[in-house]
Amino acid sequence: MKAKQFIPEKECLSCYGCCRYSQKHTVWAPLFLFDEIVELTAKNIVPCCLFTHVDAHYGEAARIDLIEQSTGHSLTGFICPCFDPGSNKCKIYAHRPFDCSLYPFLLARSGDQAYLAVDENCPYIKKISSTQGMLDYVQYLVEFFSSGDIIKAVKDDPRIAQEYPHGVKILALLPKLT
């Protein structure tokens, strides 16, 4: 599953929000689809030991295990192991998971309903939230999530649509994914 990238690369590289987390276990940590895990581990891009399969079964999506980030002797939080804080770049950008390529847009779930949502904490989204470009991209994603392949993938592994606790704005109901 690949969607068009919305946020310009220079915006992402100048931001210090993504790929950093306050908790080790969080819904915000990247979720890799099973096919992505198989491809990345088969090509020795990411070792399989980096994925947590808690609450997941063989053939399902899994979160990558976040690693501690510290300054001197002080823990400052957690980062994705694929992230290089020195360069502020993803080490596997060309192979990044769908979850990361979609961000700050999210495939969200509340109860048995699936939604297109956006993380309102993204600085770029704060700047462009009511522009025509944003509205056009939301429409593109609604159509993208209506395609047969995407519907099948989400129905095969419902964990792809996740429940987010806060900071999420619902943009559209995705009835074909429920």
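See above for the structure.
Below, the structure is looked at part by part.

Parameters at a glance
Residues numbered from 1 in each chain as written. Predicted model: local features only at pLDDT ≥ 70, side-chain atom pairs only at ≥ 80, totals over all residues. Heavy atoms only, no water. Buried < 20%, exposed > 50% of the residue type's maximum accessible area, 1.4 Å probe, protein only. Helix = DSSP H or I, 4+ residues; strand = E, 2+ residues; numbered from the N terminus. Pairing = 2+ DSSP bridges. Phe/Tyr/Trp six-rings, centres within 6.5 Å; stacked < 30°, edge-to-face > 60°. Lys NZ or Arg CZ within 6 Å of the ring centre and 35° of its normal.

1. Topic: the pairing of strand β10 (residues 113-119)
So, step 1. Burial runs high along β10: 5 of the 7 residues are buried.
So, step 2. By the bridge criterion, 6 bridges tie strand β9 (residues 105-110) to β10 in an arrangement that is antiparallel. Bridge pairing in β10 links L106 to A117.
So, step 3. Counting the residues that bridge the hairpin from β9 to β10 gives 2 residues, and of these G111 lies at a positive phi of roughly 65°.

2. Regarding the packing of aromatic side chains
Each pair of aromatic rings is reported with the distance of its centres and the angle of its planes.
So, step 1. Going through the model one piece at a time under the given rule, you end up with 11 aromatic pairs.
So, step 2. Centre to centre, the rings of F32 and F51 are 4.9 Å apart; their planes meet at 75°, and the pair counts as edge-to-face. You can see F32 sitting in strand β2 (residues 31-32) and its partner F51 sitting in strand β3 (residues 51-52), a full 19 residues away along the chain.
So, step 3. F51 sits in the buried class, given a relative accessible area of 5%.
So, step 4. Consider the rings of F98 and F145, whose centres lie 6.2 Å apart with planes at 80°: the pair is edge-to-face. Separated by 47 residues along the polypeptide, F98 in helix α3 (residues 98-102) and F145 in the loop between α5 (132-144) and α6 (148-156) bring together distant segments of the chain.
So, step 5. Over the ring of Y93 we find R96; its NZ or CZ atom is 3.9 Å from the centre of that ring.

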